[in-house]
Amino acid sequence: MLTTTTESAADVAWDDFDRVALPVSSIPAVNVAAVPQRSPLRYPGGKTWLIPHVRAWLEPMQPRPKLLVEPFCGGAIVALTAAFEGLAERCLMAELDHDVAAFWHAALRHGSGLCELIREFEPTRASVFDLADTPPPDLLAHGFRTLVLNRTRRGGILASGATLARSGENNKGVASRWYPETLVRRLQDIEAHSERISFCEGDGLALLQTVADLPGAVAFVDPPYTAGGKRAGSRLYAHHALDHRSLFKTLAESSIEFLMTYDRAPEIIDLIGEFDFHAVEVMMKNTHHASVTELVISRRSLFT
Ligand SMILES: C[S@@+](CC[C@H](N)C(=O)[O-])C[C@H]1O[C@@H](n2cnc3c(N)ncnc32)[C@H](O)[C@@H]1O
């Protein structure tokens, strides 16, 4: 539900969107170091900072959700947390990016093979370029290549145009985010929970339409941020075109509980009003330590 200082949400012109007053979440964005890092992928737009909100959303649900769907999963931090912490009986994640999909298939089906490749790999500029230029012979090699590129490129960005990390942590260059033991441990943890995690490669919006009325299903929705001409999503992800209105409409017409995140864009403020959703603001620091506002959107009022 939206309020403005002087008029109803329906009357708010895009130019006026800065005047729309949204409640600030009662839960602060958490320092990511305070939350267990479960994903082997370093994901641009990763939602580790939102985990306290996710717990506060899911923990009170009685009965426990049968299925948590994460239709734009990327690094899948929410689905992994829900599976590891028993916040839902099962998790279903989807991703359109074929390379990211290969990683999740390999992690869930060939975890020990992936761990072996990680232990053997020496990340240098030459070995990373070589891997990037060689078509992977099978799913395991493809998933491994995605992991290596994700952890050696600047900001974890896989979209075309991404460059290799130069100096990185401790001046270690491409290897600065390559922690073999940590990656192996995270993959072993995922394998230990893999019976409760399913992954499908495909369109998250279509998946949402499929589960729209599934009893006991909930959805965590973290689409690429491209609404209102914002460029962040298009720079970060190979797949970033999305009909945001159609996503809102799908959720409005479904009966499942959802939590959705967006950055604060005029088009999104309009859609929240149009579909009578609720939203709170969460202030957080981005990777450049600047304060940014993210929106946490839901069907009913939460976190106030
Ligand atoms: C904001 S990121 C998700 C980040 C994730 N929540 C995390 O914490 O790591 C959005 C993801 O949606 C994917 N994507 C874009 N369009 C999609 C679509 N139509 N269906 C499924 N995934 C899509 C992108 O490739 C990207 O990985």
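Residues numbered from 1 in each chain as written. Predicted model: local features only at pLDDT ≥ 70, side-chain atom pairs only at ≥ 80, totals over all residues.

Novice: So what's going on with the overall build of the protein chain? Residues and values would help.
Specialist: From N to C terminus, the protein chain includes eleven helices and nine strands. Across the 304 residues of the protein chain, 40% fall into the buried class. Counting contacts in the protein chain only where the partners sit at least 6 residues apart, residues at least 24 apart contribute 68% of the total. (Helix = DSSP H or I, 4+ residues; strand = E, 2+ residues; numbered from the N terminus. Buried ≥ 20, exposed ≤ 12 C-beta atoms within 10 Å, placed from the backbone. Contact = placed C-beta atoms within 7 Å.)

Novice: Run through the sheet that holds strand β8 (residues 278-285), naming residues and quoting values.
Specialist: Across the sheet, which stays open at both edges, the seven strands sit in the order β5-β4-β3-β6-β7-β9-β8 with mixed pairing between neighbours. Both edges of this open sheet fall to β5 (197-201) and β8, since each of them pairs with a single strand only. Strand-to-strand twist in this sheet, taken as the mean axis angle between neighbours without regard to direction, amounts to 20 degrees. Contacts between helix α3 (residues 98-109) and the sheet are confined to β4 (90-95) and β5, with β5 contributing the most and set at about 150 degrees to the helix. (Pairing = 2+ DSSP bridges. Axes fitted to C-alpha atoms, helices over the stretch in contact; angles between N-to-C directions.)

Novice: Please set out helix α2 (residues 77-84) residue by residue, giving values where relevant.
Specialist: The buried count for α2 comes to seven of eight residues, which makes it a mostly enclosed element. Of the positions making up α2, those classed as buried are I77, V78, A79, L80, T81, A82 and A83. Where α2 terminates, the next one or two residues include G86, which has phi positive at roughly 65 degrees.

Novice: Pulling in residues and values, what's your account of the site of the ligand?
Specialist: Taken together, 24 residues form the shell around the ligand, and within it Y43, F72, G74, G75 and G204 come nearest. Secondary-structure elements contributing two or more residues to the shell around the ligand are β4 and α8 (204-211). Of the residues contributing to the shell around the ligand, the split by class is twelve nonpolar, seven polar and five charged. (Near = placed C-beta within 6 Å. Nonpolar A, V, L, I, M, F, W, Y, C, P; charged D, E, K, R; others polar.)

Novice: Go over the nonpolar core, please, and point to the residues and values.
Specialist: With 76 residues, the main nonpolar core has A79, A82, C91 and M93 as its most contacted residues. If you tally residues by element for this core, the top one is α3, at eight residues. Counting residues domain by domain, this core receives three or more from each of domain 1 (1-96 + 202-304) and domain 2 (97-197). Those residues in contact with C91, other than ones at most four positions away along the chain, are L68, E70, A79, A82, A83, R196 and I197. (Core = buried A, V, L, I, M, F, W, Y, C linked by C-beta atoms within 7 Å. Domains from an automatic or database assignment.)

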